[in-house]
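# Reading the structure
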Amino acid sequence: MRKHLKNKRLESLTQLGLDRAIDLQFGTGPAAYHLILELYDRGNVILTDCEYVIMNVLRPHTEGEQIRLRALTIKLKLLTNCLLKICGEREVSSRQSSCSSRCS
């Protein structure tokens, strides 16, 4: 995780819904990385790229993996919906297209 975040600056800190999960955004635009912290008893740290594609997980879980992946997908969809409401569809769409061109 260090190699991706070493020279990045913390740009934003967002709570995901009402969950005990925090999204730390390092860098901006297509060079952004998100570090998602789950602040639970058996929490986790997840590193994603600008499109929220998982790059690294601190504690991968094998039991009930399908359930955890669905829960994470739902959380990421909630975050995207929140961004659409806060930033407006046009701004988020332009950011996603710039991320798509970089990450493809």
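For the structure given in this document, a descriptive report is provided here. For every chain, the first residue of the written sequence is number 1, and numbering continues from 1 onward in sequence order. Two thresholds apply to this predicted model, a pLDDT of at least 70 for residue-level local features and 80 or more for giving and counting side-chain atom pairs, whereas whole-chain, interface and lining totals are computed over all residues. Side-chain measures were taken over the full set of non-hydrogen atoms in the model, leaving aside hydrogen atoms and water.

Working definition: helices are DSSP H or I runs of at least four residues, strands are E runs of at least two. Numbering for both runs from the N terminus. Of note, M1 is situated in the segment before α1 (2–5). For the pair formed by M1 and M55, sequence separation is 54 residues and the distance between their alpha carbons is 8.9 Å. Once residues within four sequence positions are removed from consideration, M1 is found in contact with L35, V45, L47, N56, V57 and L58. Between two residues, a contact is recorded if the distance between any of their heavy atoms is within 4.5 Å.

A separate point is the pattern of salt bridges. When a carboxyl oxygen of Asp or Glu lies within 4 Å of a side-chain nitrogen of Lys or Arg, that pair is called a salt bridge. All told, the structure shown has one salt bridge when counted by the stated rule. Between E11 and R9 there is a salt bridge, with the nearest N and O atoms lying 3.4 Å from each other. Relative accessibility under 20% of the residue-type maximum defines a buried residue, over 50% an exposed one, and the middle range a partly exposed one, all with a 1.4 Å probe and only protein chains included. Since its relative accessible area comes to 60%, R9 is described here as exposed.

Below, the discussion takes up the sheet that holds strand β5 (residues 54–57). Strand order in the open sheet made by the five strands is β1-β2-β3-β4-β5, with antiparallel pairing throughout. The open sheet is flanked by β1 (10–15) and β5, the only strands paired with a single partner. If you compare each strand with its neighbour and ignore which way they point, the axes differ by 20° on average. By this definition, two strands are paired if DSSP reports at least two bridges between them. Every angle, taken between N-to-C directions, lies between 0 and 180 degrees, and every axis is a line fitted to C-alpha atoms, over only the stretch in contact when it is a helix.

What is meant by a nonpolar core is a set of buried Ala, Val, Leu, Ile, Met, Phe, Trp, Tyr and Cys residues, joined one to another through side-chain atoms within 4.5 Å. Counting eight residues, the largest nonpolar core is built from L16, A21, I36, I46, Y52, L72, L76 and L79. If one sorts the elements of this core by residue count, helix α2 (residues 65–87) sits on top with three residues. For A21, the contacting residues outside a window of four places in its chain are T14, Q15, L16, L37 and E38. Counting residues in each nonpolar core, the second largest holds seven residues, with F26, Y33, V45 and L47 among its members.

Right, let's get into the pairing of strand β3 (residues 33–38). In terms of residue burial, β3 counts as a mostly covered element, since five of its six residues are buried. In terms of strand pairing, strand β2 (residues 21–26) meets β3 through six bridges, oriented antiparallel. Following the sheet pairing, I22 is matched in β3 by L37. Where β2 hands over to β3, the hairpin turn is made up of six residues, of which G27 adopts a positive phi near 85°. Alignment of β3 against strand β4 (residues 44–48), held across five bridges, turns out to be antiparallel. When the sheet's bridge partners are listed, I36 is paired in β4 with I46.

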